[in-house]
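Results of the structural survey
So the chains spell out like this:
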Amino acid sequence: MKIKTILLVEDNRQDEKLILRALHKVNLVNQVQVVRDGQQALDYLFGQGEFADRAEAALPAAVLLDINLPRVSGLDVLAQLRANPRTKLLPVVILTSSDEERDRLRCYQEGANSFVRKPLDFTELAETVARLGVYWVAVNEPPEGA
Amino acid sequence: MGTFFDFSGLAPHGMCLLWRDDLFWALGGTDAAISAAYISIGMTILHFILRRKDMYLRWVALLFAAFIILCATSHATDVWTLWYADYGVQVIVKSVTAIVSLVTAVALWPLMPRALAMPSGAQLSAANQALTEEIHERRQVENSLRDTEEHLRKAHESLERKVEERTWQLQESEARVLRLNADLERRVEDRTAELTAANRELDSFAYAVSHDLRAPLRAMMGFSDALLQDFAGQMEDEAKDYLGEIVVASRHMGELIDGLLQLSRSTRGIRRHDLVDLSALATRLLQELAMLEPARSVTWQVAPGLVARGDPDMLEVVMRNLLGNAWKYTAAKLPAAIRVYAEQQDDQWFFCVSDNGAGFDMVHADKLFQPFQRLHRQDEFSGIGIGLATVERIVRRHGGRIIAEAAPDLGATFRFCLNSSDAQAEKETP
């Protein structure tokens, strides 16, 4: 059976650590790949730049994407993924601190599959991330060819 | 006739006078004088007639001239017959004179009425005088008319000049108004641009607050929690208590950040002007509050038909805060009562949210609508002091105002109106 992975795009080391801790609790931590900015995320998914060796590699089951990212913003990453036939249908979950209505709206307009606000409360955050991980890796059926 | 012109045997007239010198010369002289005078008169009349071809009854004058000249001729024959006995000639002359005299005499009678009807010289001169006077008067009237006309023309010219001047002035002031308008519009545009820029800055500030302040806070709370969960066995209770305090403080800071965000969003502006059913909104919010705290026993009364015009989301924030406060501050009351209604004050409808809760001292009322200012201690009633500040800003953004009235332990009433022309509070009879 092919191992399903999650790509976490997170520039904040502390958030990354907390998210990984939550995924660890549900035994998904080994299936998580972390990149730290928008450009890295695009390189990883398109198999270019430092990830050139991944050109033929399988896509993750889902991408957890922050909006505020260095170099290429989360929304630009999303737009480029949706413009590329290979990643057009790739499930993308926006995981962000923002609770701005316009952010949410723009994300959905750009083709996000889900919009989740990072809860401030640690327990809530852990639960949310764990649920997200389990849902996208175990529950959700990815689109054909993804 | 043969005998008529046969003068043989007849003596001249002088013979009858026996050639007496005195008689002879007296008769001959007077006849000659009369004849000369008549000729003169006749000639004068003829001359007059010839010169005045337009003369009225000219033929009568001609007849008269003929009659007088013939009379002169007959007198001349009288002189002639003193010396010569040509009585035949005299008879002829006198006959003609007689005929013409008779014709003249007869012709004159029927002319009498016409002659009488003819105006006399005095009448004519009087008429002439009257005419002259009339002409004079007319001339005067004409002159005065001409004066008046001149006066009118001058007045007209001056009026036209004034109209032109006024028109020019009007055009000038219109141009000035247009310039002022353009200037004002430009300033409004500039100011709008400045405000928009300031708003955008505020927005990005709020955005930064929302993202960047939350992340470290999440780390503080997260790792404190992780310590508590993962290493609880290795820590003393005091250490756990301290970590707990870090979590509580972080959570409070999170609430403050959320409050700041809420406040900054409330000043972003009104996007919509819909009719909002405040009665339905208040009922829904109170039901939500009751569901969150099912243990509380609160009686509430919402007047039907309360309709406000404004941004529905913003008005919901207003009602949520006011009702939330009423709910919170009646916690210690039994029975707790909350009322939502409208009342008229100074020709203005106010929406009112009233409770019988803790109230506050009106001495501190000036702090009520300032952000992060609270009239109760945290251990009495929790809160961050942002709700009423938000409410006040939203109401102000709608062109309205809010008034608070309260007494300690007796409750509080918040009255707010929105833009007077936009808002309406309609009371329907149930």
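Up top is the structure.
Right, let's walk through the structure included here.

Definitions and limits used
What you see as residue numbers is a count from 1 along each chain, following the sequence as written. Chains and ligands are labelled sequentially in the order written, the chains with letters from A and the ligands with numbers from 1. With pLDDT at 70 or above as the cut-off, local features in this predicted model cover only qualifying residues; side-chain atom pairs require 80 or more to be listed or tallied, and sums for whole chains, interfaces and linings still use all residues. The basis for the side-chain values is all heavy atoms of the structure; hydrogens and waters are excluded. Secondary structure elements are defined from DSSP: runs of H or I of at least 4 residues count as helices, runs of E of at least 2 residues count as strands, and each element is numbered from the N terminus. We call two residues in contact when some of their heavy atoms are within 4.5 Å. Any two strands with at least two DSSP bridges between them are considered paired. Call a crossover right-handed when, viewed with both strands pointing away from you, the route from the first strand across the helix to the second goes clockwise. Computed with a 1.4 Å rolling probe, the buried area is the accessible surface lost when two parts are put together, summed over both parts. In the sections that follow, a salt bridge refers to a side-chain nitrogen of Lys or Arg positioned within 4 Å of a carboxyl oxygen of Asp or Glu. Under this grouping Gly is polar, as are all residues other than the nonpolar Ala, Val, Leu, Ile, Met, Phe, Trp, Tyr, Cys and Pro and the charged Asp, Glu, Lys and Arg. The angle between two axes is taken between their N-to-C directions and runs from 0 to 180 degrees, where each axis is a line fitted to C-alpha atoms and a helix contributes only its stretch in contact. By nonpolar core is meant a set of buried Ala, Val, Leu, Ile, Met, Phe, Trp, Tyr and Cys residues that side-chain atoms within 4.5 Å join together. Exposure categories follow from relative accessible area, calculated using a 1.4 Å probe and restricted to protein chains: below 20% of the type maximum is buried, above 50% is exposed, and the middle band is partly exposed.

A few words now on the side chain of Ser74(B). Counting through the fold element by element, Ser74(B) comes out in helix H3 (residues 58–83). When neighbours within four sequence positions are excluded, Ser74(B) is seen to be in contact with Val93(B), Lys94(B) and Thr97(B).

It is worth spelling out the pairing of strand S5 (residues 114–117) of chain A at this point. All names here are of chain A. As defined by bridge partners, strand S4 (residues 92–96) adjoins S5 across four bridges and the pair is classed as parallel. The residue of S5 that forms the bridge with Thr96 is Arg117. This β-α-β element, S4 to helix H4 (residues 101–109) to S5, shows right-handed connectivity.

This part is about the interface of chain A and chain B. At the junction of the two partners, chain A supplies 24 residues and chain B supplies 22 residues. Summed over both sides, the interface between chain A and chain B buries roughly 2,100 Å², with carbon and sulfur atoms accounting for 46% of that surface. Looking at the side of chain A facing chain B, the largest losses of area belong to Glu100(A), Leu120(A) and Phe122(A), adding up to 29% of the total buried there. Linking chain A to chain B there are four salt bridges. Two residues, Asp15(A) and Arg218(B), come together in a salt bridge whose shortest N-O distance is 2.7 Å. Looking at the side of chain A that touches chain B, the element that brings in the most residues is helix H1 (residues 13–25) of chain A, giving six residues. Partitioning the side of chain A that touches chain B into residue classes produces six nonpolar, seven polar and 11 charged.

Let us now look at the environment of Phe360(B). All names here are of chain B. Tracing the sequence through the fold places Phe360 in the loop between strand S5 (348–355) and helix H9 (387–397). Between the C-alpha atoms of Phe360 and Leu375, which are 15 residues apart in sequence, the distance is 7.0 Å. Here Phe360 is in contact with Ala365, Leu368, Leu375, His376, Ala404, Ala406, Ala407, Pro408, Ala412 and Phe414, once residues within four sequence places are set aside.

What follows concerns the sheet that holds strand S2 (residues 298–302) of chain B. Hydrogen bonds between backbone groups are what pair the strands of a sheet, and the pairing can be parallel or antiparallel. All names here are of chain B. Overall, mixed pairing links the five strands, which are arranged S2-S4-S5-S7-S6 in an open sheet. Here the strands that pair on one side only, and so sit at the sheet edges, are S2 and strand S6 (401–407). On average, each strand axis in the sheet is tilted by 20° relative to the strand beside it, whichever way the strands run. Here strand S4 (residues 336–345) runs beside S5; their pairing, made up of eight bridges, is antiparallel. When the bridges of S5 are listed, Gln345 appears paired with Gln348. Contacts between H9 and the sheet are confined to S6 and strand S7 (411–417), with S6 contributing the most and set at about 145° to the helix.

Another point: the nonpolar core. Leu278(B), Met319(B), Leu322(B), Leu323(B), Phe414(B) and Phe416(B) are the most contacted members of the largest nonpolar core, which totals 43 residues. For this core, the secondary-structure elements that each account for two or more residues are helix H7 (278–292), helix H8 (312–329), S4, S5, H9, S6 and S7 of chain B. No other element matches H8(B), which puts eight residues into this core. For Phe416(B), the contacting residues outside a window of four places in its chain are Leu278(B), Val318(B), Met319(B), Leu322(B), Trp349(B), Phe350(B), Phe351(B), Val395(B), Arg401(B) and Ile402(B). The next biggest cluster of nonpolar side chains, apart from the first, holds 26 residues, and it includes Phe51(A), Leu81(A), Leu90(A) and Val92(A).

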